[in-house]
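What follows is the residue order along each chain.
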Amino acid sequence: MSVVRRTADILLWVGAALGAVSLVLAGLALLLDIKPLVFRSGSMGPEMPPGTIALAQTVAAQDVAVGDVVSVVAEGTRITHRVVGMDSSAVGTELILRGDANPVADPEPYAVQDVDRVVATVPSALAVASSTPARVAVVGLALGAALVLLWPRQRGEQRRTAVTAGLALAVGLTGASLSPALPTSARWSDTGALTTGSFAAYTVPTPQATTCSISGNAITGYTATIRWPATTTPYAFTYTATLRATGQSLNVTTPSTGMRQVQVTSGLLSSLFGQTVSVDIRTQLPGTNWLSPQRRTRGVQVGLGGITLTCGADSTSSA
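Parameters and conventions
Chains are numbered independently. Their residues run from 1 in the order of the written sequence. Totals for whole chains, interfaces and linings use all residues, but because this is a predicted model, local features are given only for residues with pLDDT of at least 70 and pairs of side-chain atoms are given and counted only at 80 or more. Only hydrogens and water are set aside; all other atoms, that is, all heavy atoms of the structure, feed into the side-chain values. Note: two strands are recorded as paired if DSSP finds a minimum of 2 bridges between them. Per the convention used, a helix needs a DSSP run of H or I reaching at least four residues, while a strand needs a run of E reaching at least two, with both numbered from the N terminus. Under this scheme, a helix contributes an axis fitted over its contacting stretch, all axes are lines through C-alpha atoms, and angles between N-to-C directions fall in the 0 to 180 degree range. By definition, a salt bridge exists where a carboxyl oxygen of Asp or Glu is found within 4 Å of a side-chain nitrogen of Lys or Arg. We call a residue buried when its accessible area falls under 20% of the maximum for its residue type, exposed when it is over 50%, and partly exposed in between, using a 1.4 Å probe and counting protein chains only. Patch membership requires more than 30% relative accessible area and the absence of a salt bridge. Residues of like charge join within 9 Å; the nonpolar side chains Val, Leu, Ile, Met, Phe, Trp and Tyr join within 5 Å. For accessible areas, the Shrake-Rupley method is used with a probe of radius 1.4 Å. Any residue's cover is judged against the shown protein chains and nothing else. When two cysteine sulfur atoms lie within 2.5 Å, the pair is treated as a disulfide. What qualifies as a polar contact is a pair of N or O atoms within 3.5 Å, subject to a donor-acceptor requirement within protein and to the restriction that residues adjacent in sequence count only when both atoms come from side chains.

Participant: For this particular structure, what's the right way to read the sheet that holds strand β11 (residues 238–243)?
Facilitator: Where strands meet in a sheet, backbone hydrogen bonds hold them as pairs that are either parallel or antiparallel. With respect to topology, 5 strands assemble into an open sheet ordered β12-β11-β14-β15-β16, the strand pairing being antiparallel. Because the sheet does not close on itself, it has two edges, and the strands there are β12 (248–250) and β16 (308–318). The sheet shows a mean angle of 25 degrees between the axes of neighbouring strands, taken without regard to direction.

Participant: How should the pattern of salt bridges be read in this particular structure?
Facilitator: Side-chain pairs of opposite charge can arise where the charged atoms are in close proximity. Under the criterion given, the structure shown has 8 salt bridges. Residues K35 and D116 are paired through a salt bridge, measuring 3.1 Å at the closest nitrogen-oxygen approach. With K35 in strand β1 (residues 34–39) and D116 in strand β7 (residues 114–122), this residue pair connects regions lying 81 residues apart in the sequence. The partly exposed category is assigned to K35, whose relative accessible area is 25%. A relative accessible area of 7% means that D116 is categorised as buried. Note that R117 is salt-bridged to D68, the shortest N-O span being 3.6 Å.

Participant: Honestly, a nonpolar patch on the surface in this entry has me stumped. Any pointers?
Facilitator: Taken together, the side chains of Y202, Y235 and W290 present a nonpolar region at the surface, about 320 Å² in accessible area. If you trace the backbone, W290 turns up in the loop between β14 (276–284) and β15 (294–303).

Participant: Just to check I follow, could you spell out the pairing of β14 for this structure?
Facilitator: On a regular strand, each side chain points to the face opposite its neighbour's, so the side chains alternate between the two faces of the sheet. Strand direction decides the pairing type here: β11 and β14, joined by 6 bridges, are antiparallel. Considered in β14, the bridge of Y239 is made with T283. Examined bridge by bridge, β14 and β15 share 6 bridges and lie antiparallel to one another. From the neighbouring strand, V279 faces β15, where its bridge partner is R298.

Participant: Got a minute to help me understand the state of the cysteines in this structure?
Facilitator: Cysteine pairs can be linked by a disulfide, which is a covalent bond between their two sulfur atoms. One pass over the full model with this rule turns up 1 disulfide. Residue C212 pairs covalently with C311 via a disulfide, S to S 2.0 Å. Because the torsion about its S-S bond is -75 degrees, the bridge between C212 and C311 counts as left-handed. Taken together, the residues C212 in strand β9 (residues 211–217) and C311 in strand β16 connect sequence positions 99 residues apart. The class for C212 is partly exposed, based on a relative accessible area of 22%. For C311, a relative accessible area of 26% corresponds to the partly exposed category.

Participant: Is there a simple way to explain the sheet that holds strand β13 (residues 259–265) in this structure?
Facilitator: Spatial ordering of the open sheet is given by β9-β10-β13, a layout of 3 strands whose pairing is antiparallel. What marks the edges here is a single partner per strand, and that holds for β9 and β13. Neighbour to neighbour, the strand axes of the sheet diverge by 20 degrees on average, direction disregarded. Pairing geometry for β9 and strand β10 (residues 221–229), over 7 bridges, is antiparallel.

Participant: In this structure, what is going on with unusual backbone geometry? I would like to understand it.
Facilitator: For residues other than glycine, phi is negative in most cases, and the peptide bonds are mostly trans. Omega for the peptide link from T233 to P234 comes to 0 degrees, which places this bond in the cis form. Position of P234 among the secondary structure elements: in the loop between β10 and β11.

Participant: Mind showing me how you'd approach the side chain of T225 here?
Facilitator: Structurally, T225 can be placed in strand β10. A polar contact is formed between the side chain of T225 and the side chain of Q263, at a distance of 3.0 Å.

Rendered as structure tokens:
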């Protein structure tokens, strides 16, 4: 057998082998709802180093147990870690995950209804078969198989060559048509030491005491105006105001320098006849979503069919 023919046979078998790997993964995906995942980072090492293929099956989150390795999608990134804790929440099951190579769990729990649970892994040496370059190579080898069929051979070799080339062509093209394995990343939780500078805790201050006045008449309606001094040091704080009974946000305005106010009309409160409505005010640090841990509350009494208003007490409480 010439070197050319021997090389052609080797290429045919290699093409068939690569195609067979893809075909096996495809069969699992179709029959068992299995999807392949390729690890791109080392947080699940040493058991699952980068390049490892994980075969995952979608299951309900409540069917997962502590110790299972699961894959979830968080903020557009697929994370595959081990379950170290779980709890129920209003939006589903909350899973606490940690990579085997990470010293601590992921920063936040994952609220999910279903997850992809890893049922088996394939050594990293075989992960190459699911990569895009490998799939391109399979296509090339498969097409080359058709050419080998036309290569002149002795009569005794023609049947074996035809079977091998057909296998490479059929399986290779099948494998090339499959979707590649999904990439999965890690969420590292390594700690670091601060060697320079310092940190200091900061608490957003509670709004200062409010005043309340009523204006208007029975014809045009009454308005309760709640005012308080604005705190400007060490930051020029902003404020939020909410009608606790309905959760409606109120517009905070600046009536004069150093003052803030919010107004509540009798029409807005007409459906709350006979109630003392709480207007909750909190300080907000500019440029952040940090709010004061305590709120300033001013009550407004609604009376006479929801038309009249009376100022209530000023108080503070935890938000």
